[in-house]
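# Notes for the structure review
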Amino acid sequence: YVKGMTVESSFWRKLRDRTDIKGDDTELREEILRRFVLREDVLRLVDDLHRKGLITAILSDQTNWLDEINERTPFYHHFDYVFNSYKIGRGKREPGIFSHICDLMNIKPDEAIFVDDNPDNIRNAEREGLFPILFVDLQQTRKGIERLIS
């Protein structure tokens, strides 16, 4: 489902089969969407980077829910590009995804900074030549980005 290769109902059915989760698709979906909270401080950092002339993008291993979250609380406008695994059919764990995204943005991997809170994604991006920053907190991330762009 995250890669757009099946429908949401199949996702929920399989999840129910493998876990103790109860509830219908609509209830479960709303539970997830309700818990999604945009980090305004991170969006301010993105805006700051954009004002400095950097290209800003998001690469999300998300479903069609990302568009719904954006409809409820618009945030796409903070980014030059929005790449969603659901729409591109590939996720961050797949070899070559970061180079592919750089190609789509017309940049080289060694011109890209990749920020993520998942160490595996960081390692994958680094293997493809991007400059990775593991998100621990906003202050550390801001410092890491500033160090790389200065």
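Reading guide: rules and limits
Residues numbered from 1 in each chain as written. Predicted model: local features only at pLDDT ≥ 70, side-chain atom pairs only at ≥ 80, totals over all residues. Heavy atoms only, no water. pLDDT = per-residue confidence, 0-100. Helix = DSSP H or I, 4+ residues; strand = E, 2+ residues; numbered from the N terminus. Phe/Tyr/Trp six-rings, centres within 6.5 Å; stacked < 30°, edge-to-face > 60°. Buried < 20%, exposed > 50% of the residue type's maximum accessible area, 1.4 Å probe, protein only. Pairing = 2+ DSSP bridges. Right-handed = clockwise from strand over helix to strand, strands pointing away. Salt bridge = Lys/Arg side-chain N within 4 Å of Asp/Glu carboxyl O.

## Regarding the confidence of the model for the protein chain
Low pLDDT marks stretches whose predicted atomic positions should not be read closely. Put simply, the protein chain has an average pLDDT of 95, and 100% of its residues get 70 or more. Element-level mean pLDDT values for the protein chain span from 91 in helix α2 (residues 25-35) up to 98 in strand β2 (residues 81-84).

## Focus: the packing of aromatic side chains
Summed over the entire model, instances satisfying the criterion amount to 9 aromatic pairs. Here Tyr1 and Trp65 contribute two aromatic rings whose centre-to-centre distance is 5.7 Å and whose plane-to-plane angle is 70 degrees, an arrangement assigned as edge-to-face. Of the two residues, Tyr1 is situated in the segment before α1 (8-18) and Trp65 in helix α4 (residues 65-72); the sequence distance between them amounts to 64 residues. Take Tyr1 and Trp65: they sit in the same class, and that class is buried. Between Tyr81 and Phe83, the ring centres sit 5.6 Å apart and the planes meet at 10 degrees, which makes this aromatic pair stacked. A relative accessible area of 29% means that Tyr81 is categorised as partly exposed. Grouped by ring-pair contacts, the aromatic residues Tyr1, Phe11, Trp12, Trp65 and Tyr86 constitute a single cluster.

## Quick notes on the pairing of strand β1 (residues 57-60)
Where β1 and β2 come together, 4 bridges link them in parallel fashion. Pairing of Ile58 across the sheet is with Val82, part of β2. You can see the chain leave β1, run along α4 and come back into β2, and the turn it takes is right-handed.

## Re the pattern of salt bridges
Throughout the structure, instances matching the rule amount to 14 salt bridges. For Glu30, the salt bridge is made with Arg72, and the minimal N-O distance between the two is 2.7 Å. With Glu30 in helix α2 and Arg72 in helix α4, this residue pair connects regions lying 42 residues apart in the sequence. Here Glu30 falls in the partly exposed class, since its relative accessible area comes to 26%. Here Glu31 makes a salt bridge to Arg35, at a shortest N to O gap of 2.6 Å.

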